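# Breakdown of the fold
In case you want the letters, here they are:
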Amino acid sequence: MHELQRWHLLARIGIIDDGPPSNTTDHAWVQGAREHLLLLEENHELPPDQNIFQFWILHPTHALPESQPDTLTSLIDWHVHLRMEGLSHS
């Protein structure tokens, strides 16, 4: 990504954050999405300029509340705290 930016071929990047479609429970989907985020942002040092949280499959079955660990908003809440605590390369 940095090479593409250096050559002015890429200015900003947005990532759609989701879990694997093979996951058949809300818990597995949210955990998979967390692993995807960490893989990109920490292991590959590719923090996006914009995170887009969405899904097209049956899981998670609920968006709210964020206090429930297997919801879409709990994933967003986890990511915000991760960024605020400086655990990802942002």
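What comes next is a walk through the structure. Along each chain, residues carry numbers from 1 onward, in the same order as the chain's sequence is written. The predicted origin of the model limits local features to residues at a pLDDT of at least 70 and limits the giving and counting of side-chain atom pairs to 80 or more, whereas totals for whole chains, interfaces and linings rest on all residues. Heavy atoms throughout the structure, all of them, feed into the side-chain values; hydrogens and water do not.

### A closer look at helix H3 (residues 72-84)
Using the following cut-off: Where helices and strands are cited, they refer to DSSP runs of H or I of at least four residues and of E of at least two residues respectively, numbered from the N terminus. Take the number of residues in a helix, subtract one, and multiply by 1.5 Å to get its expected span. Burial classes: relative accessible area under 20% of the type maximum marks a residue as buried, over 50% as exposed, and values in between as partly exposed (1.4 Å probe, protein chains only). In what follows, a contact means two residues having at least one pair of non-hydrogen atoms within 4.5 Å.
Between the first and last C-alpha of H3 there are 19 Å, a value that for 13 residues agrees with the 18 Å anticipated at 1.5 Å per step. Along H3, the residues classified as buried are Leu72, Thr73, Ser74, Leu75, Trp78, His79 and Leu82. Of the surrounding elements, those touching the buried residues of H3 are helix H2 (26-43) and strand E2 (50-53). Where H3 terminates, the next one or two residues include glycine 86, which has phi positive at roughly 75°.

### Quick look at the pairing of E2
Short version of the rule: One bridge is not enough; two strands pair if DSSP finds at least two bridges between them. A crossover counts as right-handed when, viewed with the strands pointing away from the observer, the path leading from the first strand over the helix to the second turns clockwise.
Only one face of E2 is covered, namely the face carrying Asn51 and Phe53; the face carrying Gln50 and Ile52 is uncovered. Examined bridge by bridge, strand E1 (residues 14-17) and E2 share four bridges and lie parallel to one another. In the sheet register, isoleucine 16 faces E2, and the bridge partner there is isoleucine 52. Regarding the hand of the β-α-β motif, the stretch spanning E1, H2 and E2 is right-handed.

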